[in-house]
Amino acid sequence: MMTPKQRDLDRVKASLKKHIRHADSNAIVAEGDSLVLLRAMPSNSISLILTDPPYHTTKKGNIYGDT
């Protein structure tokens, strides 16, 4: 019997298949424009989204040595 978590993970994998770089039974790593990927995912199927935006794209005075 498939758990709700497994069912959601399978739905997300199907919606992101061309963007997936790694997937296992607990996580999916997808690459692409975050807004495009978010719109492709089924509603109410995600418990955590971790993004890696381009940090330091502007100068920040509170970061020592930032060039």
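These numbers were taken from a predicted model, which means no experiment stands behind them.

Could you give me a rundown of the overall build of the protein, with the residues and numbers involved?
Of the regular secondary structure elements, the protein holds two helices and two strands. Along the protein, helices (α) and strands (β) appear in the sequence α-β-β-α when read from the amino end. Residues counted as buried form 12% of the 67 residues belonging to the protein. Counted over contacts in the protein with a minimum sequence separation of 6, partners at least 24 positions apart contribute 27%. With an accessible surface of roughly 5900 Å², the protein has 56% of that area assigned to carbon and sulfur atoms.

Lay out unusual backbone geometry with the relevant residues and their values.
In this structure, asparagine 44 is a non-glycine residue whose phi angle is positive, near 60°. Considering the arrangement of structural elements, one finds asparagine 44 in the segment after helix 2 (34–40).

Hey, could you go over the pattern of salt bridges for me, with residue numbers and the actual values?
Following the criterion strictly, the structure yields two salt bridges and no others. Residues aspartate 8 and arginine 11 are paired through a salt bridge, measuring 3.0 Å at the closest nitrogen-oxygen approach. You can see aspartate 8 and its partner arginine 11 sitting in helix 1 (residues 4–16), three residues apart, about one turn around the helix. Looking at aspartate 8, the relative accessible area reads 21%, which means it is partly exposed. Classification of arginine 11 as partly exposed rests on a relative accessible area of 37%. Glutamate 31 is the partner of arginine 21 in a salt bridge, and the nearest nitrogen-oxygen pair spans 2.8 Å. Of this pair, arginine 21 sits in strand 1 (residues 20–23) while glutamate 31 sits in the loop between strand 2 (28–30) and helix 2, and the two are ten residues apart along the sequence.

Requested: an account of helix 1, with residues and values cited.
Look at helix 1: 18 Å from first C-alpha to last across 13 residues, which is about the 18 Å you get at 1.5 Å a residue. What helix 1 keeps buried is the set Leu9, Val12 and Leu16. Relative to the axis of helix 1, the buried residues are bounded by an arc of 65° and lie together on one face. On its buried side, helix 1 packs onto strand 1, strand 2 and helix 2.

Calculation rules
- Residues numbered from 1 in each chain as written.
- Predicted model: local features only at pLDDT ≥ 70, side-chain atom pairs only at ≥ 80, totals over all residues.
- Heavy atoms only, no water.
- Helix = DSSP H or I, 4+ residues; strand = E, 2+ residues; numbered from the N terminus.
- Buried < 20%, exposed > 50% of the residue type's maximum accessible area, 1.4 Å probe, protein only.
- Contact = heavy atoms within 4.5 Å.
- Areas by Shrake-Rupley, 256 points an atom, 1.4 Å probe, with all protein chains shown as cover.
- Salt bridge = Lys/Arg side-chain N within 4 Å of Asp/Glu carboxyl O.
- Expected span 1.5 Å × (residues − 1).
- Arc of directions from axis to C-beta.

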